[in-house]
Amino acid sequence: MTSRNALAAKRSRLALRSRILHGMRHFFVERGFLEVQTPVRTPAPAPEDHIDAMHSEEWYLQTSPELYMKRLLAAGYDKIFQICPVFRKGERGRRHHPEFTLLEWYRRGEGTEALMQDCQELLQHVCRFVDRFPQFSYAGQVLSVFPPWDRWTVRTAFQKWAGWDPLTAYESSRFSEDLVTRVEPHLGFPRPAFLCDYPPQEAALARLSPRGGLQVADRFELYWAGVELANGFSELTDREEQERRFRETLARRRQDGRNVYPWPHRFLESLDFLDAAAGIALGVDRLVMLLSDAPTLDDVVAFSPDHEP
Amino acid sequence: MGATLSASDLRKGVKLEIDGEPYLIVDFEFSKPGKGQALYRCRLRNMITGVQFDRTYRSGDKFLEADLEEQEMEYLYREGNRYHFMNTSSYEQVELTEEAVGDAKNFLTENLHVDMLFFKGSPIGISLPNFVELRVIKSDPGIKGDTASGATKPATLETGYEIQVPLFIEEGDVLKLDTRTGTYVERVKTSN
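The rules behind each value
Residues numbered from 1 in each chain as written. Chains lettered and ligands numbered in written order. Predicted model: local features only at pLDDT ≥ 70, side-chain atom pairs only at ≥ 80, totals over all residues. Heavy atoms only, no water. UniProt positions renumbered as here; feature names shortened; annotations may be inferred. Helix = DSSP H or I, 4+ residues; strand = E, 2+ residues; numbered from the N terminus. Axes fitted to C-alpha atoms, helices over the stretch in contact; angles between N-to-C directions. Parallel < 35°, antiparallel > 145°, perpendicular 65-115°, else oblique. Left-handed = near helix turned anticlockwise from the far one by under 90°. Contact = heavy atoms within 4.5 Å. Nonpolar A, V, L, I, M, F, W, Y, C, P; charged D, E, K, R; others polar. Salt bridge = Lys/Arg side-chain N within 4 Å of Asp/Glu carboxyl O. Buried < 20%, exposed > 50% of the residue type's maximum accessible area, 1.4 Å probe, protein only. Buried area = accessible area lost by both parts, 1.4 Å probe. Polar contact = N/O pair within 3.5 Å; in protein donor to acceptor, adjacent residues only side chain to side chain. Domains from an automatic or database assignment. Phe/Tyr/Trp six-rings, centres within 6.5 Å; stacked < 30°, edge-to-face > 60°. Lys NZ or Arg CZ within 6 Å of the ring centre and 35° of its normal.

S.K.: I'd like a rundown of the UniProt feature "domain: Aminoacyl-transfer RNA synthetases class-II family profile" (unreviewed entry) in chain A, residues and numbers included.
M.R.: UniProt records the feature "domain: Aminoacyl-transfer RNA synthetases class-II family profile" (unreviewed entry) at residues 14–305 of chain A, using the numbering of this structure. The span residues 14–305 of chain A is 33% helical and 26% strand by assignment, and the distance between its end C-alpha atoms comes to 16 Å.

Structural data, given as structure tokens:
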């Protein structure tokens, strides 16, 4: 139900949302990033195990602009960002919408350290921009954006709160469940926190690197007040390895009866021209939710996903 | 047989059949780590026993929708610990045990219309109107001036149900009661 009154009542949160978007653009443009726009519809979304794309005629709505943005990097763009709508089938909850807004940014020739630094500076900048610096109240507690921010490895966080080590004894469904129910609720109080060094099975499109004798995915997630805000990684640029992962993912998707997408030829070819890069996606609606002290995502978008026509 | 549901059909209010018993999803949350599996966290309440528990489901899980049906019934009479009802359109009679009637027995008076819930064709319980009217059959006279004690006194209603009522209530008064809370709302008719 989105009556005129309900829409009118959202004005202050929507005004804050607009200000946050403005602050993000200001931050990146000031630092020499180029704002880009890539297609919202794609013939070949990135094959992922647990993210489903929605059909748009014979193409798909993007689940992330990732592949297109990396093609720009491979063509020589160094620092790019984009704020765009993305679509994920079947995701609907207090903190999930099937259509939501992502901020993605990429740095050619850099790794995850540079992205984590960006996160700290970006959130401080945005908080200043909307008068939430250095602290503000969310769900009855005080959150602070002031550094230093905690950094947890997946291994330490799981050992501490879930009582097992997913790096040596990985189990897919147990990992997801414990992450959501046991680990996430502790992360990011009162300052944002990073969760780093994922098991290789959770690498997605991230590069693997050795840490303390084990292979880990050079991937991190940013949490604030228990809310997952961003997922960043050092991009896998090894074409063969990426093709192998896509093949395996598509085979698993076929087996599970999920959408099996066409092969992303152009993206894979572009990896031949990309040595090192890092990229990150941040959920804009969730950040607005925190900064506007809103209980759900429905409160920070003008029209919630199941609004009446 | 109920319809087959998938995890994405789960939400608050959906009724499932698990191990041959009907369950209501009383609380529901969808969650999903960025690159991980979707989790459908449910708080389930057994619609017969009332027992609640939490369970997490994943995409790919399949469910049976509980085969439930509601019929309007009129309460007729009680015989021992069995309560007799009649379907208001088919005039068919159905009896429920005291256990199945539960706390609703405190509010059942002859000819009261209730909704009866059937699971796979068998009655499992009734839901009452939110408000009912019952006559006071026993209540000691209020002690005048004794307002310090909370200004209520016990009263026994025609169903045998005992509640706290204001001091001015007398035997023979008809009271309006909220069946959801089991409490006094107002006096609708005085005894004289």
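Structure shown, so let's carry the discussion forward.
S.K.: Which residues make up the packing of helix 5 (residues 154–161) of chain A against helix 6 (residues 172–183) of chain A, and what values do they have?
M.R.: Residue and element names in this part refer to chain A. Interaxial distance between helix 5 and helix 6 falls to 10 Å at its minimum, and their mutual angle equals 70°. The angle between the axes of helix 5 and helix 6 places the two elements in the roughly perpendicular class. In this structure, the crossing between helix 5 and helix 6 has a hand that is left-handed. The residues of helix 6 that touch helix 5, namely those facing Val 154, Ala 157, Phe 158 and Trp 161, are Phe 175, Asp 178, Leu 179, Arg 182 and Val 183. Residues belonging to the contact of helix 5 with helix 6 are distributed by class as follows: 7 nonpolar, no polar and 2 charged.

S.K.: Outline the pattern of salt bridges, listing residues and values.
M.R.: Scanning all chains against the criterion turns up 37 salt bridges over all chains. The residue Arg 31 of chain A makes a salt bridge to Glu 121 of chain A at a minimum N-O spacing of 3.5 Å. A residue pair is termed long-range when its members are at least 10 positions apart, and Arg 31 of chain A in the loop between helix 2 (11–30) and strand 1 (34–35) and Glu 121 of chain A in helix 4 (residues 112–129) qualify at 90 residues. Judged by its relative accessible area of 29%, Glu 121 of chain A falls in the partly exposed class. Of the charged contacts, one joins Lys 176 of chain B and Glu 186 of chain B as a salt bridge, the two residues approaching to 3.9 Å between their closest N and O atoms. Here the residue Lys 176 of chain B occupies a position in strand 15 (residues 174–178), and Glu 186 of chain B occupies one in strand 16 (residues 183–189), the gap between them amounting to 10 residues. A relative accessible area of 23% places Lys 176 of chain B in the partly exposed class.

S.K.: Mind laying out the interface of chain B and chain A, listing which residues take part and the relevant values?
M.R.: The figure often quoted for interface size is the accessible area lost as the parts come together. Between chain B and chain A, the contact holds 14 residues from the first and 26 residues from the second. Both sides of the chain B and chain A interface together cover about 1700 Å² of buried area, and 52% of this is carbon and sulfur. Looking at the side of chain B facing chain A, the largest losses of area belong to Phe 30, Lys 32 and Lys 35 of chain B, adding up to 42% of the total buried there. The residue Glu 29 of chain B makes a salt bridge to Arg 94 of chain A at a minimum N-O spacing of 3.2 Å. Between the two partners, chain B and chain A, sit 9 residue pairs in polar contact (both at pLDDT 80 or more). Taken together, the elements giving at least two residues each to the side of chain B that touches chain A come down to strand 3 (21–31), strand 4 (39–46) and strand 5 (52–58) of chain B. The class makeup of the residues in the side of chain B that touches chain A is 4 nonpolar, 5 polar and 5 charged.

S.K.: Quick one: what's the story with the domain arrangement of chain B, residue by residue and with numbers?
M.R.: Residues and elements named next belong to chain B. Its domain assignment divides chain B into domain 1 (4–65), domain 2 (68–127) and domain 3 (131–187). Centre-to-centre separation of domain 2 and domain 3, based on C-alpha positions: 26 Å. Counting residues at the interface gives 6 residues for domain 2, matched by 8 residues for domain 3. With both chains or domains summed, domain 2 and domain 3 bury close to 560 Å², and 75% of this area falls on carbon and sulfur atoms.

S.K.: Mind laying out the packing of aromatic side chains, listing which residues take part and the relevant values?
M.R.: Residue and element names in this part refer to chain A. Counted under the stated rule, the structure contains 23 aromatic pairs over all chains. Consider the rings of Phe 175 and Tyr 198, whose centres lie 6.4 Å apart with planes at 70°: the pair is edge-to-face. Of this pair, Phe 175 sits in helix 6 while Tyr 198 is found in strand 10 (residues 193–198), placing the two residues 23 residues apart along the sequence. Grouping residues by exposure puts Phe 175 and Tyr 198 together as buried. Centre to centre, the rings of Phe 194 and Phe 220 are 5.4 Å apart; their planes meet at 85°, and the pair counts as edge-to-face. Of the two residues, Phe 194 is situated in strand 10 and Phe 220 in strand 12 (residues 214–224); the sequence distance between them amounts to 26 residues. No difference in accessibility class separates Phe 194 from Phe 220, as the two residues are buried. Across the ring face of Trp 164, the terminal group of Arg 174 is positioned such that the distance to the ring centre comes to 4.1 Å.

S.K.: Explain unusual backbone geometry to me, using residue names and the numbers behind them.
M.R.: Both trends apply: most residues other than glycine have a negative phi, and most peptide bonds are in trans. Between Phe 133 of chain A and Pro 134 of chain A the backbone carries a cis peptide bond, its omega angle lying at -5°. With an omega of 5°, the peptide bond running from Pro 147 of chain A to Pro 148 of chain A counts as cis. Mapped onto the elements of the fold, Pro 148 of chain A is located in the loop between strand 8 (141–144) and strand 9 (150–153). Of note in the backbone geometry, Lys 120 of chain B takes a positive phi value of approximately 50° without being a glycine. Locating Lys 120 of chain B in the fold gives a position in the loop between strand 10 (113–119) and strand 11 (122–127). In this structure Lys 120 of chain B comes out as partly exposed when scored by relative accessible area, which is 47%.

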